[in-house]
Amino acid sequence: IARNASAIVATKSMTKQEPDSVMKVTFFGMFQSDDDIQMTCTVEVDGTTTYPAGRINNVFDSTQSKAESTITPFVYIYDLPAGDHTFAFKVVNQEVDNIALIVKLGSAMEVLEQKRPLL
């Protein structure tokens, strides 16, 4: 992902069964950069609604630090109705220098429906 660019790095379609359940979307990402790992993550649902999934700002002391890290940004989505939905995990590279962010092969997204207990 080029500096100041964004990319959808994973998508998943599924059916939400219960109207009052919570969706947890987690990205198990293996990231690499020739310097720092600086990015913002979001989850887009059905191409219309965006939820923040974290900001990562791993800055190292030396230039060209060759950063590599496994990072697991996530979001809980409470207001989604039951039915079919498509989840897209988007990453924006916010590296200060003109250096690409690499999302390595083997990264994965998990979408879980967590049913709320009856009280």
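Reading the values: the criteria
Residues numbered from 1 in each chain as written. Predicted model: local features only at pLDDT ≥ 70, side-chain atom pairs only at ≥ 80, totals over all residues. Heavy atoms only, no water. Helix = DSSP H or I, 4+ residues; strand = E, 2+ residues; numbered from the N terminus. Buried < 20%, exposed > 50% of the residue type's maximum accessible area, 1.4 Å probe, protein only. Contact = heavy atoms within 4.5 Å. Areas by Shrake-Rupley, 256 points an atom, 1.4 Å probe, with all protein chains shown as cover. Lys, Arg positive; Asp, Glu negative; His and termini not counted. Charge placed at Lys NZ, Arg CZ, Asp CG, Glu CD. Core = buried A, V, L, I, M, F, W, Y, C linked by side-chain atoms within 4.5 Å.

### Some words on the overall build of the protein
- Secondary structure assignment for the protein yields zero helices and nine strands.
- What you see in the protein, going N to C, is helices and strands ordered as β-β-β-β-β-β-β-β-β.
- Each of the three principal axes of the protein carries a C-alpha extent, and together these read 55 × 25 × 20 Å.
- Here the protein holds 119 residues, and the buried ones make up 35% of them.
- Put simply, 80% of the contacts in the protein that link residues at least 6 apart link residues at least 24 apart.
- In the form shown here, the protein has an accessible surface area of approximately 6,800 Å², with 51% of it arising from carbon and sulfur atoms.
- Averaging the locations of the 10 positively and 15 negatively charged side chains of the protein gives two centres separated by 2 Å.

### Looking at unusual backbone geometry
- Its identity as a non-glycine residue notwithstanding, N4 has a phi of 65°, on the positive side.
- Summarising the element assignment, N4 is placed in the segment before β1 (6–16).
- Positive phi is not limited to glycine here, since D46 has a value of about 55°.
- Position of D46 among the secondary structure elements: in the loop between β3 (37–45) and β4 (49–58).
- Under the relative-accessibility criterion, D46 is labelled partly exposed at 36%.

### Observations concerning the nonpolar core
- Counting residues in hydrophobic clusters, the biggest one holds 24 residues, and the most contacted among them are M39, V43, I77, F87 and F89.
- Mapped onto this core, the elements with two or more residues apiece are β2 (22–33), β3, β4, β6 (74–77), β7 (83–93) and β9 (108–114).
- Top contributing element to this core by residue count: β3, with five residues.
- Discounting residues that sit within four places of it in the chain, M39 has contacts with F31, G54, R55, I56, I71, V91, V92, Q94 and L101.

### Quick word on the environment of V45
- Within the secondary structure, V45 sits in strand β3.
- Distance from V45 to T11, taken between C-alpha atoms, is 9.7 Å for residues 34 residues apart in sequence.
- Excluding its chain neighbours within four sequence positions, the residues that come into contact with V45 are Y51, I77, L80, H85, T86 and F87.

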